[in-house]
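Descriptive analysis of the structure
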Amino acid sequence: MRSPALAIAWEFRQRHRWGLIAVAGYLLVVATIKLLILEPGQLVNLDDGESFAAVVAAPLTAMFTYFLAVFSFGLAGDLAARESIYPARLFTLPVTSAALAGWPMLYGTAAMAILWLATRLFALWPSGIQVPSVWPALLMASLLAWTQALTWMPYGLPGLRVIVAMLWLATIDAVVLLAIHFNISEPVMVAFLAPQVPLAYFVARFAVARARRGDVPDWRDTFARLGQITDVLPRRRRNFRSPARAQTWFEFRRHGRQLPAMVAMLLPFQPALLVAVRDTPALVFLMLFIVLFTPPFMAAFAAATVSKSNPNVSDSYGVTPFIATRPLSDAALIAAKLRATIWSTIAAWLLVLVALTLTLILSNIWPMLMERARRVSEVIGTPRVVVIALLVLSGLIVSTWKQLVQSLYIGLSGREWLIRVYAVLLLAFLVVIGPIADWIIENSDVQAKLWNALPLILAILVGVKMFAASLVAIALYRSRLLSDRALVTGAAVWLVAVLSLYIVFVWLLSTPLFPRYVLALLAILPVPLARLSAALPALAWNRHR
């Protein structure tokens, strides 16, 4: 490379080229629709919150989150660790710390500006709305710049990075929301946001220089002495009762904190937006939908880091020699990873539920939700309302866990290209699902055709799932990775879960519109089967190859 700028640009292009191509493809499709398909001056009806969220808000949020993770190196390090998440391998480059900090920030700022300008010019906005031109781009760039500066900084305590970044970003977000509420003019917003990027650059330069020379403070002993905590800490470090528990602790320390940290970084923004729209019920339910779908959404991106091993090892997407030589069976290693994903899911959802409960109570949104629930209960009954709420919540929690587990058999295969293709396809799905859903909602003919074809679609999906599960079961039986008793027990537990869910569906939806066989297919699909057991053959192949 002839310059540091080209070298760092090549770094981003080489590692994230498919994701960047997916973003560029989406913007190209939107521009084509706006410029070539729609007639000049044609108005688009996006006045309801659902259409606007599906066509504009959801794709913009997905791409903003992706850029936030890419340009801050958020997928390359442990957000909850004391060390900087800036890749240590880049510290050896023959360039200054200013270049190491400046070029990623410059590329990220340019990407955020291009993303907003393209969305501003080519997205389908509701009719009559005055969309600002400059300050949203500065807001996105400043949030990225401060995320880079605060996550690249070494900290003295584990988890302190998440707290500092969350509080500072929430402060900026709160100031902007107040400015929007009081209708502050765009020049004032630009005057507030424009200095944020250069200020963040000086902080990021200091952070990179400090991390580059290995200056990582350690305040754990100081805080341990406060309140005589030193007498407690040694007892927490006693020997583990079994190798399996030690491996579970090891997996959670390495990867389990990623999802809670990523969710915690988004929590300050979402309750603030929920409070800002508390007087509009439609937007309140839209924001609740976004908040509740945050953990599954972030789990899809955290899955890549959960499946990775040590990034300093050449086989970074497979099983490192350190893991492969542990005195544990393949089944025990997979069980440790599964338990770590369970604890990670629980931690992330505790954060969401606590923050959401406090926001609903303190903002007086809770009475409005109770009134809507009372109206629904008068129609279908209180027991059904409670069961539906529990099903939705448990479904979202299980979906979060499934997103983490799904990466195991992909990451443990040792195929780097497979993981990258999976990430690109996932991002592309998240980007296009909104416009497709809005098109289906607005087209009654398409709805009728999908409803008539629903049993066939469900049958095909169930057939594919059972076929994949049978292949995995045959591989497990032939390789003797699991005993016959374990296989039979797993199948029995799965059947009990499906039967229980089927009984609940029959009780809830016992109408002519939903035949019993459709309810049976719906009960089979959400219960995980193949993805849980597929990780074991992948680990065994990668461990013994």
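Preceding block: the structure.
**As for the overall build of the chain**
Across its full length, the chain holds 23 helices and 0 strands. Nonlocal contacts in the chain, meaning residues at least 24 apart in sequence, comprise 82% of its contacts between residues at least 6 apart. About 28,500 Å² of surface is accessible on the chain, with carbon and sulfur atoms providing 70% of the total.

**A few points about the pattern of salt bridges**
Counting across every chain of the model gives 9 salt bridges. For E371, the salt bridge goes to R375, with nearest N and O atoms at 3.5 Å. Remark: R375 and E371 occur in helix α17 (residues 366–380); sequence separation between them is 4 residues, near one turn of the helix. Classification of E371 by relative accessible area gives partly exposed; the value is 30%.

**As for helix α13 (residues 281–292)**
Between its first and last C-alpha, α13 extends 16 Å over 12 residues, near the 16 Å set by a 1.5 Å rise per residue. Those residues of α13 not exposed but buried are V284, L286, M287, L288 and V291.

**Digging into the environment of T65**
Tracing the sequence through the fold places T65 in helix α2 (residues 49–71). Accessibility expressed as a relative area gives 9% for T65, which makes it buried. T65 sits 79 residues away from L144 along the chain, and the two C-alpha atoms are 9.6 Å apart. Contacts of T65, omitting those with residues within four sequence positions, involve F297 and M298.

Scoring rules and cut-offs
- Residues numbered from 1 in each chain as written.
- Predicted model: local features only at pLDDT ≥ 70, side-chain atom pairs only at ≥ 80, totals over all residues.
- Heavy atoms only, no water.
- Helix = DSSP H or I, 4+ residues; strand = E, 2+ residues; numbered from the N terminus.
- Contact = heavy atoms within 4.5 Å.
- Areas by Shrake-Rupley, 256 points an atom, 1.4 Å probe, with all protein chains shown as cover.
- Salt bridge = Lys/Arg side-chain N within 4 Å of Asp/Glu carboxyl O.
- Buried < 20%, exposed > 50% of the residue type's maximum accessible area, 1.4 Å probe, protein only.
- Expected span 1.5 Å × (residues − 1).

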